[in-house]
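Survey of secondary and tertiary structure
What follows is the residue order along each chain.
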Amino acid sequence: MKQHLILHVIAKIMIPFIMVFALYVQFHGDYGPGGGFQAGVIFGAGFILYGIVFGKEATMKIVPPPLVYTTAALGVLLYTGVGVAGMFLGGEFLNYSVLSADPVAGQHLGILLIEFGVGMTVASVMVILFLSFADYRQPDSQDTD
Amino acid sequence: MNAIELVVNFTLLGFLLVTALHISQTNRLFRAVMLFGIYSLLTASLFVSLDAVDVAFTEAAVGTCIATILMLSALSLTGSRKEVRYRRKNAAFAVCVSIALGVALAIGIMDMPQFADPNAPANLHVAPYYLQDSYSEIGIPNVVTSVLASYRGYDTLGEVVVIFTAGIGVIALLTGRSSKPKD
Amino acid sequence: MESLGIVNYWIVIALMMIGLYIVISANNLIKKIIGLNIFQSSVFILYISIGKVGGGTAPILLKEPTVYSNPLPHVLILTAIVVGVATTALGLALIVRIRSAFGTIDDQDVQQDIERN
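Conventions adopted
Residues numbered from 1 in each chain as written. Chains lettered and ligands numbered in written order. Predicted model: local features only at pLDDT ≥ 70, side-chain atom pairs only at ≥ 80, totals over all residues. Heavy atoms only, no water. Core = buried A, V, L, I, M, F, W, Y, C linked by side-chain atoms within 4.5 Å. Buried < 20%, exposed > 50% of the residue type's maximum accessible area, 1.4 Å probe, protein only. Contact = heavy atoms within 4.5 Å. Phe/Tyr/Trp six-rings, centres within 6.5 Å; stacked < 30°, edge-to-face > 60°. Helix = DSSP H or I, 4+ residues; strand = E, 2+ residues; numbered from the N terminus. Buried area = accessible area lost by both parts, 1.4 Å probe. Salt bridge = Lys/Arg side-chain N within 4 Å of Asp/Glu carboxyl O. Polar contact = N/O pair within 3.5 Å; in protein donor to acceptor, adjacent residues only side chain to side chain. Nonpolar A, V, L, I, M, F, W, Y, C, P; charged D, E, K, R; others polar.

Section: the nonpolar core
Core analysis: the largest hydrophobic core is formed by 118 residues, its most contacted members being F133 of chain A together with I23 and F47 of chain B. Not counting residues up to four positions away in its chain, the partners in contact with I23 of chain B are A32, L35, F36 and Y39 of chain B together with I22, K31, I34 and I38 of chain C. Of all hydrophobic cores here, the second largest spans 5 residues; its members include A106 of chain B together with I6, Y9 and I13 of chain C.

Notes on the packing of aromatic side chains
This structure, assessed with the given rule, holds 10 aromatic pairs over all chains. Ring plane angle 75° and centroid distance 5.7 Å describe the contact between F43 of chain A and F47 of chain A, whose orientation is recorded as edge-to-face. Placement of the pair is F43 of chain A and F47 of chain A together in helix α2 (residues 36-54), with a separation of 4 residues, close to one helical turn. Taking the relative accessible area as the measure of exposure, F43 of chain A reaches 26% and is therefore partly exposed. Both rings, one in Y130 of chain B and one in Y151 of chain B, keep their centres 4.8 Å apart while their planes meet at 40°; by these two values the pair is tilted. Residue Y130 of chain B is located in helix α5 (residues 127-137), and its partner Y151 of chain B is located in helix α6 (residues 143-151); the two are separated by 21 residues in the primary sequence. By relative accessible area, which is 25% here, Y151 of chain B ends up partly exposed.

Regarding the interface of chain A and chain B
Tallying the contact residues gives 44 residues for chain A and 44 residues for chain B. Interface area for chain A against chain B, summed over the two sides, is near 4000 Å², with a carbon-plus-sulfur share of 78%. Considering only the surface of chain A that becomes buried against chain B, F37, F133 and Y136 of chain A emerge as the three largest contributors, covering 16% of it. Summed over the shared surface of chain A and chain B, the number is 0 salt bridges. Run the count over chain A and chain B and you get 10 residue pairs in polar contact (both at pLDDT 80 or more). Within the residue set of the side of chain A that touches chain B, elements represented by two or more residues are α1 (5-27), α2, α4 (65-88) and α5 (103-135) of chain A. The dominant element in the side of chain A that touches chain B, judged by the number of residues it contributes, is α5 of chain A, at 16 residues. The residue makeup of the side of chain A that touches chain B, split by class, is 31 nonpolar, 10 polar and 3 charged.

What to know about the interface of chain C and chain B
At the junction of the two partners, chain C supplies 79 residues and chain B supplies 91 residues. A buried area of about 7800 Å², summed over both sides, lies between chain C and chain B, and 76% of it is on carbon and sulfur atoms. Area buried by chain C at its contact with chain B is led by Y21, K52 and L61 of chain C, which between them contribute 9% of it. There are 2 salt bridges connecting chain C and chain B. The closest approach of N and O atoms between D51 of chain B and K52 of chain C, which form a salt bridge, is 2.9 Å. At the boundary of chain C and chain B, one finds 15 residue pairs in polar contact (both at pLDDT 80 or more). Secondary structure elements with two or more residues in the side of chain C that touches chain B: α1 (7-25), α2 (29-51), α3 (71-102) and α4 (107-116) of chain C. Per element, the largest residue contribution to the side of chain C that touches chain B is 23 residues, and it comes from α3 of chain C. Across the side of chain C that touches chain B, the residue classes tally to 53 nonpolar, 19 polar and 7 charged.

Spelled out as structure tokens, the structure:
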């Protein structure tokens, strides 16, 4: 893909919009269609488009695998953390009502946080899947790219 | 359910059937994978016509983008340029098992409530409670989000852990093995 | 209209049969994964069809009283789709490793190779 000028230019224009759209889907998911799962997949798709057009070395410079592994784990941790925080504040596991003085505001805050955790894990796992497949070399393969 | 919705619904279902039949008949893997991308997009359109906008969103992003790309990478990694072969004995057995499954399901489907029936048992259990009370309890208009994140928070936690585990599995299988194994 | 009432379910059955047929009859492991995905999506269509309410709209609450479709199947299938792609990726990764170990992704060739050794 190194020689395709049109793909490079269009991808560079499109990727910021894909990312912003993913953030919109993430944080507007309470009011319209959307949420952590969809946003995570769209965010991951932005990186995958970058990876397809600019090659895996360039992608690994932007999202180094150790960083993606960490964010994947952090997403699950944020989700469980919100659940445990509810327990410490006197509610049940994953009861968001106790997170704030007003139960409805607490629910809203809890949903925002756990959807963010979901989005983080899903986006990271999608990037991990793509990078793992792109990085693998068959033992008998001759080609270098 | 008005006529135009039904027409859209049945047209998309017909397209799905044709695409699936073509996937089952083609013996080129690349063609099967690309048709699977089309199949996912058709499924997403069908979900929009069945009012499941959140699901359609996910299916469009996951099925057409990620799943197709992963299958294409697997295709290039396994270098399967050869055509898929079918063995006659295998195919006859497969037809028998599929027809048995179809008959069993057809017997079960006879008792299903009519499509889009508001009084079907599935629509009378907890769904009215979610639709009536979720706004006063959770305070957000998208019922799917409030059920996903709050009422069924345990489910979603489990699903996120499954996704995380699948990611770990793929890392374990594919990373750090690029050198030739000594055997 | 009575007979039209369960056409969705008939087509779900047909898709499921096609998926199962591909899984059993194809010898190529990637083709089997595609078959599994068709099988899986037929289940998704079944759930979403059950949740449809005639004259309803998407379950995003509006000010005026409206009929909504059932949100519960949407929640179940939404997460199932993302989990489905993660497990598909795991299956494909296994296939890639099988190709490394045996040099083929034909299930019967792999079987013969195991029996020979």
